[in-house]
Amino acid sequence: MSLRIAGMGWVTPLGRGINPVWSRLLRGDEGGVTPISDAISDKTYSAFRVPAEALKDLPPHPRLRRASAISRFAAAAGIDALAEARSAVGDIDTDRMALIFAVSNGGVVYTKRFYHNVVETGAQSASPLLFPETVFNAPASHLAAILGITGASYTLVGDGAVGVLAMKMASDLLDNDTVDSCLVVAAEEADWLLCDAYHKWRLLKSEPPIELFHQPPRGMILSEGGGAVLLARQGEVQIDTIDAGANFSKRDAASEIVGRILHGLADEEACIVASANGTFVDLAEQKAIERELPGGLVYSFKPALGESVGAAALWQVIAGAQALRTGRLPKMPHLAQDPGLNFPTGDEISCSKAIILSCGLNQQAAGLRLRIDL
Amino acid sequence: MARFNDLNGKTPPARVAVVATGVISPLGCGLDETLASLRSNKDCVSPVTQFDVQKCRCKTAGQVPDDRLPPNRNSRKTARVHRATRMIVAALEELFKQDPEFKPELTVIGTTSGGMSFGQDYYRALHRHRGLRHSPRWIANYLPQKPVIDAQSAFQISAPCQIIANACASGTNAIGHAFECVRSGKYQRVLTGGYDAISELVFVGFDSLQASTPEKCRPFDHNRSGMVLGEGAAIFALEDLESARKRGARLLGEIVGYGISTDNHHLTQPDPSGSGPRRAMEQALRSANRSAEDVDYINAHGTATTFNDAAEGKAIAELFGGVPISSTKSMMGHSLGAAGAIEAIVCLLALQTQFLPPNINFRSADQGLDLNIVANESRDAKIDIVLSNSFGFGGTNASILIQKLAA
């Protein structure tokens, strides 16, 4: 039986909602980049932030009273995906719905605050209120409580490819008789500490724009938000195939793994929603595309939405599904060099399939292919 | 109790064998040392040596001595990889000695905190504005998938890694999901288990909640006062039984059931009714097509916190009556994401050598809990099917059923 996207939710630096965010991407809008600082250092970074109004109508659930931004992004995306699914395919029984939460950095704001107190004044000042929110699965727990999910709930941790691994896990779970649908959610929150860490890791640039496929790579800018995809048996967009991929030991080896994944997914009717973000990932994907699907239409939203790490692959799935639903792909801004790839012009496209290619920053790569019956 | 039977004429699912395992924990390095500690009722909890605990209430934990960890196997210096990586490598070394031919298609591993101590090192260096030259290494190796990828690559494995972070249920959730993957017929061989290395942030966190105890860890005791933390890694090679038999693999046991539930009562406290654990245990029985009467021993989650033991104990008493139970966390502490995997090893050893592992430090029964505790000493017993429970923050509950399998 086919696996389909029954509903989606999207919380991004360009606002909230599938159609509003997609329209703004098609218009060429870019999310708001704001300076981000911390008392621990004089250094300032930039990050794409979710506008406050995007979360203004979240339900006043007690679980959200103290919850960090990551939990709020996830709640908003999850609620929206479920609402869209209910209006598109009818009732969804949450007792028979599984939840998979994909994340990379997790609740870094509260974790930093918790540990800062410990470092600053000692273990006796550690906060019992903050500690539970530092646990990776806290956002999933809040979301399960808000939506009334009582069955399977998994938090998956990984790099940028974790969203695809979560989709793979969802497809495996849906083989189980006890599960009718699976809500895959991914979220991240931006913080100065993350910016500093990725900067020291030599992956971050201090100011926009993100220039894709530039050699040498000029770096990425972090972002935040959430995405949600409800997988079920009904829906307009079908999950054609998922490749959980493999791990690369060195950055130079990434293109071989990405190429192997793309080899299995390549299709002449497909566009590619890439994970290119201004780092080594761009060249890995460029080489793989040149080898496996030359001429394929390549799109990445990272210049407009930033690099949301653990949420990125699920955002790519949403973008791919929207490309198929609307028959359009946004133009790619800030291409300072011509890498010889085929980029969208902003006009209508005639793809019936979309390949999601995800090369993470920390050794994981995976991919999947979506399709729509035209 | 009615026997669960819901095949409805479908093709029976694949049977899932454990063909190799490896473990390192406070109980010992490897299966033999682990078994010896269990049989001799050894208390493996000791004063914390990894970081300063002067300002904590609790000052003890179950720890793996650094000198028992293997050096890094590849070209990178040992100091560059996290302790957790070396724990996983130790477990994998033992596993691949048993079955060098095992080639996983997927790896599913549970953890709660990955390479947390590297994150701490980075933050402390930032705070004192010096010593940051190591920060790229700390940052690149901090994330939870990294120790698993590094350990896999030491054995030339590149299987995709699903890293489950379901708090204290992570290890059992990982084994349970891996079991379902093989049982569905989609995968023949899956590597699974759990790991966690003790870290200051997590230790202090549990201390701040007063969930950890300054005394002995006494699960299900009337005077229980909390958990002690632990650490370690345990890895399982799961394989379709038919395929394992065909290639002549050793058969160490069979995973027969898995249950998972989510308890939305509170982020850190279970519903006092025990409904969350009960649903997980019932689902494990249902998925195995077994009844509660079939279960011969339960390795309880048993953290020795007031609320957890009360909720779990209530659910076990209602569902299983007088089945012998113990919490081996009393001996080695609570190793969080590794706990379910290490305890599954304990269950396998119990099945193989026919004994009941002990619940040490037990002094007096909680009158509110009608439980058959294996108090203080291991004892011989005829057991064929055992249940292992893990419940965690966020309301994640997981149970697996393991049965003895003739070679």
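Residues numbered from 1 in each chain as written. Chains lettered and ligands numbered in written order. Predicted model: local features only at pLDDT ≥ 70, side-chain atom pairs only at ≥ 80, totals over all residues.

1. Some details on the overall build of chain B
Here is step 1 of the chain: If you tally the helices and strands in chain B, you get 12 helices and 16 strands.
Here is step 2 of the chain: Scaling as 2.2 N^0.38, a compact globule of 407 residues should have a C-alpha radius of gyration of about 22 Å, and chain B matches this with 20 Å.
Here is step 3 of the chain: Each of the three principal axes of chain B carries a C-alpha extent, and together these read 65 × 50 × 40 Å.
Here is step 4 of the chain: Burial statistics for chain B: of 407 residues in total, 64% are counted as buried.
Here is step 5 of the chain: When contacts within chain B are restricted to residue pairs at least 6 apart in sequence, long-range pairs at least 24 apart make up 79% of them. (Helix = DSSP H or I, 4+ residues; strand = E, 2+ residues; numbered from the N terminus. Rg over C-alpha atoms; globule rule 2.2 N^0.38 Å. Buried ≥ 20, exposed ≤ 12 C-beta atoms within 10 Å, placed from the backbone. Contact = placed C-beta atoms within 7 Å.)

2. Remarks on the overall build of chain A
Here is step 1 of the chain: Helix and strand counts for chain A come out as 11 helices and 13 strands.
Here is step 2 of the chain: Over its C-alpha atoms chain A spans a radius of gyration of 19 Å, differing by no more than 12% from the 21 Å that the globule rule assigns to 374 residues.
Here is step 3 of the chain: Here the C-alpha coordinates of chain A stretch approximately 60 × 50 × 40 Å along the principal axes.
Here is step 4 of the chain: Long-range contacts, defined as pairs at least 24 residues apart, comprise 80% of the intrachain contacts of chain A with a sequence gap of at least 6.

3. Re the pairing of strand β16 (residues 396-403) of chain B
Residue and element names in this part refer to chain B.
Here is step 1 of the chain: Across the 8 residues that make up β16, a large majority, 8, are buried.
Here is step 2 of the chain: A two-sided burial pattern is seen for β16, the buried positions comprising Thr396, Ala398, Ile400 and Ile402 on one face and Asn397, Ser399, Leu401 and Gln403 on the other.
Here is step 3 of the chain: Of the strand pairs in this sheet, strand β15 (residues 385-392) and β16 are connected by 8 bridges, and their pairing is antiparallel. The residue of β16 that forms the bridge with Val386 is Ile402.
Here is step 4 of the chain: The turn linking β15 back onto β16 is made up of 3 residues, and Gly394 within it adopts a positive phi angle of 85°. (Pairing = 2+ DSSP bridges.)

4. What about helix α3 (residues 116-128) of chain B?
Here is step 1 of the chain: Here α3(B) contains 13 residues, and its C-alpha end-to-end distance of 19 Å stays within 8% of the 18 Å for a straight helix at 1.5 Å per residue.
Here is step 2 of the chain: Along α3(B), the residues that are buried comprise B:Met116, B:Ser117, B:Phe118, B:Gly119, B:Gln120, B:Tyr122, B:Tyr123 and B:Leu126.
Here is step 3 of the chain: Turning to α3(B), the residues buried within the fold contact β4 (41-48), α3 (108-121) and α7 (192-200) of chain A together with α4 (135-140) and α7 (200-208) of chain B. (Expected span 1.5 Å × (residues − 1).)

5. Quick look at the packing of helix α2 (residues 69-89) of chain A against helix α5 (residues 138-147) of chain A
Residue and element names in this part refer to chain A.
Here is step 1 of the chain: Orientation of α2 relative to α5, taken along the N-to-C sense of each, is 40°, at an axis distance of 9 Å. In terms of their interaxial angle, α2 and α5 are classed as oblique. Note that α2 runs across α5; the crossing there is right-handed. The residues of α5 that touch α2, namely those facing Ile70, Ser71, Ala74, Ala75, Gly78 and Leu82, are Ala138, Pro139, His142, Leu143, Ile146 and Leu147.
Here is step 2 of the chain: Looking at the contact of α2 with α5 residue by residue, the class counts come to 9 nonpolar, 3 polar and no charged. (Axes fitted to C-alpha atoms, helices over the stretch in contact; angles between N-to-C directions. Parallel < 35°, antiparallel > 145°, perpendicular 65-115°, else oblique. Left-handed = near helix turned anticlockwise from the far one by under 90°. Nonpolar A, V, L, I, M, F, W, Y, C, P; charged D, E, K, R; others polar.)

6. Let's talk about the interface of chain B and chain A
Here is step 1 of the chain: Taken together, the contact between chain B and chain A spans 50 residues of the former and 51 residues of the latter.
Here is step 2 of the chain: Contributing elements (two or more residues each) for the side of chain B that touches chain A: α3, α4, α5 (145-153), β6 (161-164), α6 (170-183), α7 and β9 (253-262) of chain B.
Here is step 3 of the chain: Element by element, the count of residues in the side of chain B that touches chain A is highest for α3(B), at 6 residues.
Here is step 4 of the chain: Across the side of chain B that touches chain A, the residue classes tally to 24 nonpolar, 20 polar and 6 charged.
Here is step 5 of the chain: In this sheet, β6(B) lies alongside strand β6 (residues 153-157) of chain A in antiparallel orientation, the contact comprising 2 bridges. Note on β6(B): the bridge partner recorded for A:Val157 is B:Ile163.

7. Things to note about the nonpolar core
Here is step 1 of the chain: Among the nonpolar cores identified, the biggest contains 287 residues, and A:Ile100, A:Leu156 and A:Val184 are the most heavily contacted of them.
Here is step 2 of the chain: The biggest single contributor to this core is helix α12 (residues 339-353) of chain B, with 11 residues.
Here is step 3 of the chain: Excluding its chain neighbours within four sequence positions, the residues that come into contact with A:Ile100 are A:Tyr154, A:Leu156, A:Ala166, A:Met169, A:Ala170, A:Cys182 and A:Val184. (Core = buried A, V, L, I, M, F, W, Y, C linked by C-beta atoms within 7 Å.)

8. Structural notes on the pairing of strand β12 (residues 353-359) of chain A
Residues and elements named next belong to chain A.
Here is step 1 of the chain: Along β12, 7 of the 7 residues are buried, which leaves the element largely enclosed by surrounding structure.
Here is step 2 of the chain: Of the two faces of β12, the one lined by Lys353, Ile355, Leu357 and Cys359 and the one lined by Ala354, Ile356 and Ser358 are each fully buried.
Here is step 3 of the chain: In the sheet, strand β10 (residues 270-273) pairs with β12 via 4 bridges, with the strands oriented parallel. Residue pairing for β12: Cys271 is matched across the bridge by Ala354.
Here is step 4 of the chain: Taken together, the 7 bridges between β12 and strand β13 (residues 364-372) define a ladder with antiparallel strand orientation. Its bridge partner being in β13, Ile355 is matched across the sheet by Arg369.
Here is step 5 of the chain: Between β12 and β13, which pair antiparallel in sequence order, lie 4 residues; one of them, Gln363, sits at a positive phi of approximately 85°.

9. A look at the packing of helix α9 (residues 275-288) of chain B against helix α10 (residues 306-320) of chain B
All names here are of chain B.
Here is step 1 of the chain: Contact geometry for α9 and α10: axes closest at 8 Å, N-to-C directions at 45°. With respect to each other, α9 and α10 are oriented oblique. In the crossing of α9 with α10, the sense of the turn from one axis to the other is right-handed. Contact residues: α9 offers Pro277, Arg278, Met281 and Glu282, while α10 offers Ala311, Glu312, Ala315, Glu318 and Leu319.
Here is step 2 of the chain: Broken down by class, the residue content of the contact of α9 with α10 amounts to 5 nonpolar, no polar and 4 charged.

10. A few points about unusual backbone geometry
Here is step 1 of the chain: Omega for the bond connecting A:Pro208 with A:Pro209 falls within 30 degrees of zero, at 5°, which places this linkage in the cis form.
Here is step 2 of the chain: The step from A:Gln215 to A:Pro216 runs through a cis peptide bond, and the omega angle for that step is 0°.

11. Observations regarding the environment of A:Gly310
Residues and elements named next belong to chain A.
Here is step 1 of the chain: Looking at where Gly310 falls in the secondary structure, it is placed in the loop between α10 (302-305) and α11 (312-326).
Here is step 2 of the chain: When the C-alpha positions of Gly310 and Gln286 are compared, they lie 22 Å apart, and in sequence the two are 24 residues distant.
Here is step 3 of the chain: Here Gly310 is in contact with Ala102, Val103, Ser104, Asn105, Val162, Ala186 and Glu188, once residues within four sequence places are set aside.

12. Details of the confidence of the model for chain B
Here is step 1 of the chain: For chain B, per-residue confidence averages 94 on the pLDDT scale, and residues scoring 70 or more make up 95% of the total.
Here is step 2 of the chain: Across the whole predicted complex the pTM is 0.97, and at the interface the ipTM reaches 0.97. (pLDDT = per-residue confidence, 0-100.)

13. As for the environment of A:Ile221
Here is step 1 of the chain: Among the secondary structure elements, A:Ile221 is positioned in the loop between α7 and β8 (225-232).
Here is step 2 of the chain: Overall, A:Ile221 belongs to the buried group, with 27 C-beta atoms counted inside 10 Å.

14. Considerations on helix α6 (residues 162-173) of chain A
Residues and elements named next belong to chain A.
Here is step 1 of the chain: The terminal C-alpha atoms of α6, which comprises 12 residues, lie 16 Å apart, in line with the 16 Å expected from a rise of 1.5 Å per residue.
Here is step 2 of the chain: The buried fraction of α6 amounts to 11 of the 12 residues, a majority that puts the element mostly inside the structure.
Here is step 3 of the chain: Of the positions making up α6, those classed as buried are Val162, Gly163, Val164, Leu165, Ala166, Met167, Lys168, Met169, Ala170, Asp172 and Leu173.

15. Concerning the environment of B:Pro219
All names here are of chain B.
Here is step 1 of the chain: When you line up the elements, Pro219 lands in the loop between α7 and β8 (232-240).
Here is step 2 of the chain: Spatially, the C-alpha atom of Pro219 lies 18 Å from that of Arg278, the residues being 59 residues apart in sequence.
Here is step 3 of the chain: Residues within four places of Pro219 in sequence aside, it is in contact with Arg224, Ala300, Gly302, Thr303, Ala304, Asp309, Ser327, Lys329, Ser330 and Asn359.

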